[in-house]
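Spelled out, the chains give:
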Amino acid sequence: MKRRHKRIAFIVAGLTGLGIAAALALNAFQDNLVFFFSPSQIAAKQAPTGRTFRVGGLVQEGTVKRETDGLTVKFSVTDTAQSIPVVYKGILPDLFKEGKGCVAQGKIGADGVFYADQVLAKHDENYMPPEAGQAIDSAKAAKTVVDN
Amino acid sequence: MNWYKYASPTNFYPLAGKMIPWFAIPSAILFVLGLYVGFFVAPTDFQQGDAYRIIFIHVPSAWMGMFLYLLMAFYAAIGWAFNARLSSMMASAISITGAMFTALSLVTGSLWGKPTWGTYWVWDARLTSTLILLFLYIGFISLQASIDDRSRADRAGAVLAIVGVINVPIIYFSVQWWNTLHQGASIRLLGKPTIAPPMMAAMLIILAACWLYSIAVVLVRLRQIIVEREQTAAWAAEARA
Amino acid sequence: MFRWIVVRDLTLAWKSRVDVLSTLFFFLIVVSLFPLGIGPETNLLRLIAPGVVWVAALLASMLSLGRLFANDYQDGTLEQLLLTPQPLYLVVLGKVLALWLVSGVPLALMSPVLGIQFGLSGNTLFVLVVSLLLGTPVLALIGSIGAALTLGLRGGGLLLSILVLPLYIPVLIFGSGAVDASITGMGLQGSLSLLGAVLVLSLVFAPWATSAALRISLE
Amino acid sequence: MLEATSLGCVRGDRRLFTNVNFALGPGSLLQVQGPNGSGKTSLLRMICGLLAPAEGEIRWQAANIHSLGEEYFTSLAYIGHRNGLKEELTPIENLRVASGLTGTQLSHDEATIVLGKVGLAGREHLPARILSEGQRRRTALARLLICKAPLWVLDEVLTSLDSSAVRFVTSLIREHTNKGGITVVATHHEFDLPADSYQRLDLA
């Protein structure tokens, strides 16, 4: 083979390799290589049972209840389609609020409740002054009312 | 004016010396201005209160960590392909500043993570890949340090730097490809930024300050490297004296 | 010609089989230390098994890299290999293939024995072997870049680990992720696909980078 | 035809030589001489393409050797300071591997015959590690007998050889030159060759 032909063969082989790699990677992204699972995935039994994993989603509005000991908190995590009840004993991060994102790490009990040993707040990439934030929140609330 | 003249380290040395104050002074001014805007003009955030203000250091330093890696790999590659010594020296000079910014972004990130997320560190894709970036910088620096022959050190560093470039897009897109604890980008190439204008202004001013600072520091380090490597040349001995 | 490189390196590995075996013993010992240190908590052992086996595989692969070019460099045969009338890419690929055959493959085949110590089930043992068979060639390929860059340097072994271990992290994540997914009965297709993608990518790029590094180190 | 124009060599901070020129037609020999550290080995490695020249270029059949890539290596046989033998392998195995790597098959019997010619009869089944330095050198030189490369680059090949082996190697080189081959050799040994095909290069 001439050197030029060899070089072309190498380039073709290289591009084929890149194509295969891209196809494999895309295939993988449809699968669950994730930092946390969504409540829908848990409902579909795609999350591991009997061991620690993370669940992520929004803290469902109106579900956060503190026990009388002042430490234990119960709330639900939702991805709007499904939700899962979570029990957590400990200090919550400041940004933990109803309607905001959170990631809880723990195990699912036999009763279907997620017993968390760590709760992290996941905030979004929106940064704005409080007035603007309130305006958007109230707009959302108004929209929810209208939708209902 | 013949620009090629300045591709030679000997000729670049005095030019670099003249350029340094032109970057260092504006950098200092912009830092002060940016921090003032960031801490006194920009409003508190509707969710995070004042804790978000670390963004003004965190985001520019994270960007610099990634940009400087690409820049370092670019200069190293040019130095290797065209046997341009000044370009290779530039790569070595950039590496330390890049490593510093990457470390700074990791530290400020974990200081930010504690009050907002509730933890200093998680092994999500963004954080892990940024840590790998720091390791790549350290690998580049230690590889160059342990090779005595300068020309081999330059080219070996170039190979390593080019191999590591694959990590930069992974860091950048990790928050889109995987669900991570880390939030997405607030300032995107396409689409509206999701950050209020005064906050963005402070961030961009500090980013500009970081760029100018990097240029100034890299030039200082470049001059040191030039003197070190051109030891045999008479002019370098004079410059040192 | 490609065949000759593989045959040559396999013959040499056979002649110095003590070196080859010591890497495998290293793997065996490191993995066996964990159940001894942690105690007979079966659930805990099963939990850490993927990580432990994979980290040990990473370290064993890294140790085996010393043999890849260093001996050839010292006796001058590496120069001769650089002067053979075929692309250096293929020379490197042949040497890496031979290294993988004597280090990665036996390591993968040995892993079920170790997995049993950690109480892994039959299906998971199979996934462990598959993930190691997909992952160890990547370790050899990426490692060859580091081995070529640090050729003949003082403190080369330590430097090699600084250069190579960070680049091994994706393989560790996807490899142990696949085994982990199998233990918890989850889809392991994602991890294995990504491992495959990394393998193909490193097959394309690593020998090229290693060739460049060899030319630089031998100049 | 091997040509070099205004070659320069820099190693580390030191400039070893500048402006080295030569042109070697078929059937000629270039003897490179000079004190230790004058760049003899560097020049030979440049001719092999192992070392990129700091200045100037080397052309083989009018093409820059860098652009020829691995095709150039079909025309080249190099024996360096180090013998390029695997200590663990026997001379026969070493020779067969070396020829396999250049793309030619060498049978066990052919290898035995070649090793007999360089004076290793009876030793061809011992591992190279237990051979004497001279015998290892002879094994390395046996490579020249099995390759068809027109260009030989030999670095200090005559060291640690006894007088009969030196005679053998010099006759080998003369034969190669007579057949139209080109030889570049770094040595202080004088060769008995006609003046028109014998060039000397002194790297002072």
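Residues numbered from 1 in each chain as written. Chains lettered and ligands numbered in written order. Predicted model: local features only at pLDDT ≥ 70, side-chain atom pairs only at ≥ 80, totals over all residues. Heavy atoms only, no water.

Chemist: Would you mind showing me how to read the confidence of the model for chain B here?
Modeler: For any part of a model where pLDDT is low, the fine detail of the predicted coordinates should not be relied upon. With 93% of its residues at a pLDDT of 70 or more, chain B shows a mean pLDDT of 89. For chain B, per-element mean pLDDT is lowest for helix α8 (residues 234–240) of chain B, which scores 62, and highest for helix α2 (residues 55–81) of chain B, which scores 95. (pLDDT = per-residue confidence, 0-100. Helix = DSSP H or I, 4+ residues; strand = E, 2+ residues; numbered from the N terminus.)

Chemist: What is the right way to read the interface of chain C and chain B from this model?
Modeler: Many analyses report the size of an interface as the accessible area lost when the parts associate. Contacts between chain C and chain B engage 21 residues on the former and 20 residues on the latter. Buried area between chain C and chain B, both sides added, is near 1800 Å², and the carbon and sulfur share of it is 74%. Here chain C is connected to chain B by two salt bridges. With a shortest N-O distance of 2.7 Å, C:Arg154 and B:Asp148 are connected by a salt bridge. Seen at the junction of chain C and chain B, the total is five residue pairs in polar contact (both at pLDDT 80 or more). Elements with a minimum of two residues in the side of chain C that touches chain B: α7 (122–149), α8 (156–183) and α9 (189–218) of chain C. Examining the composition of the side of chain C that touches chain B, we find that seven residues originate from one element, α8(C), more than from any other. A class-by-class count of the residues in the side of chain C that touches chain B yields 17 nonpolar, two polar and two charged. (Contact = heavy atoms within 4.5 Å. Buried area = accessible area lost by both parts, 1.4 Å probe. Salt bridge = Lys/Arg side-chain N within 4 Å of Asp/Glu carboxyl O. Polar contact = N/O pair within 3.5 Å; in protein donor to acceptor, adjacent residues only side chain to side chain. Nonpolar A, V, L, I, M, F, W, Y, C, P; charged D, E, K, R; others polar.)

Chemist: Honestly, the packing of aromatic side chains in this entry has me stumped. Any pointers?
Modeler: Aromatic ring pairs are described here by two measures, namely the spacing of the ring centres and the angle between the planes. All told, the structure shown has 16 aromatic pairs over all chains when counted by the stated rule. An angle of 80 degrees between the planes, with centres 5.4 Å apart, marks the rings of B:Trp121 and B:Trp123 as edge-to-face. Using a relative accessible area of 57% as the deciding quantity, one classes B:Trp123 as exposed. Measuring from ring centre to ring centre gives 5.1 Å for B:Tyr172 and B:Phe173, while their planes differ by 90 degrees; the resulting arrangement is edge-to-face. By relative accessible area, B:Phe173 is classed as partly exposed at 31%. Following the ring pairs from residue to residue traces out a cluster consisting of A:Tyr127, B:Tyr52, B:Phe56 and B:Trp112. Lying across the ring of C:Trp14, C:Arg17 places its NZ or CZ 4.3 Å from the centre. Between the NZ or CZ atom of D:Arg200 and the centre of the ring of D:Tyr198, over which it lies, the distance is 4.6 Å. (Phe/Tyr/Trp six-rings, centres within 6.5 Å; stacked < 30°, edge-to-face > 60°. Buried < 20%, exposed > 50% of the residue type's maximum accessible area, 1.4 Å probe, protein only. Lys NZ or Arg CZ within 6 Å of the ring centre and 35° of its normal.)

Chemist: Sorry, what's going on with the pattern of salt bridges here?
Modeler: Two side chains bearing opposite charge may form a pair once their charged atoms approach each other closely. Overall, the coordinates contain 21 salt bridges over all chains when judged by the stated rule. Between D:Arg136 and D:Glu133 there is a salt bridge whose closest N-O contact spans 3.9 Å. Of this pair, D:Arg136 and D:Glu133 both sit in helix α5 (residues 133–146), three residues apart, which is roughly one turn of that helix. Of the residues examined, D:Glu133 reaches a relative accessible area of 39% and is grouped as partly exposed. In this structure, D:Asp162 engages D:Arg138 in a salt bridge whose closest nitrogen and oxygen atoms are separated by 3.1 Å. Pair noted here: D:Asp162 is in the loop between β7 (151–155) and α6 (163–178) and D:Arg138 is in helix α5, with a separation of 24 residues, a long-range link. One salt-bridge network, in which partners are shared between bridges, spans C:Arg8, C:Asp9, C:Asp72, C:Asp75, C:Lys95 and D:Lys86.

Chemist: How should I be thinking about the sheet that holds strand β2 (residues 14–24) of chain D in this particular structure?
Modeler: The strands that make up a sheet pair up through hydrogen bonds in the backbone, lying either parallel or antiparallel. Residues and elements named next belong to chain D. Read from one edge to the other, the open sheet built from four strands follows the order β2-β1-β4-β5, with strand pairing classed as antiparallel. With partners counted over all chains shown, the strands left at the sheet margins are β2 and β5 (63–64), one partner each. With five bridges joining them, strand β1 (residues 2–11) and strand β4 (residues 55–60) adopt antiparallel strand pairing. Considered in β4, the bridge of Glu-3 is made with Arg-59. (Pairing = 2+ DSSP bridges.)

Chemist: Looking at this structure, I do not really get the sheet that holds strand β8 (residues 182–186) of chain D. What am I missing?
Modeler: Residues and elements named next belong to chain D. Pairing in this open sheet of five strands is parallel, and the strands run β6-β7-β8-β3-β9 from one edge to the other. The sheet terminates laterally at β6 (76–79) and β9 (198–202), the two strands that pair on one side only. Recorded for the sheet is a direction-independent mean angle of 15 degrees between the axes of neighbouring strands. Judged from the five bridges that link them, strand β3 (residues 29–33) and β9 form a sheet pairing that is parallel. The residue bridging Val-32 from the neighbouring strand is Leu-201, located in β9. Of the strands in this sheet, β3, β6, β7, β8 and β9 are in contact with helix α1 (residues 40–48), which crosses β7 at around 155 degrees. (Axes fitted to C-alpha atoms, helices over the stretch in contact; angles between N-to-C directions.)

Chemist: How should the interface of chain A and chain B be read in this particular structure?
Modeler: Of the residues lining the interface, 25 residues belong to chain A; the matching set on chain B comes to 32 residues. For the pair chain A and chain B, the summed buried area comes to about 2500 Å², and 57% of that belongs to carbon and sulfur atoms. Counting across the chain A and chain B interface gives zero salt bridges. Counting across the chain A and chain B interface gives twelve residue pairs in polar contact (both at pLDDT 80 or more). At the level of secondary structure, the elements contributing two or more residues to the side of chain A that touches chain B comprise β6 (114–122) and α3 (130–147) of chain A. With five residues, β6(A) is the single largest residue contributor to the side of chain A that touches chain B.

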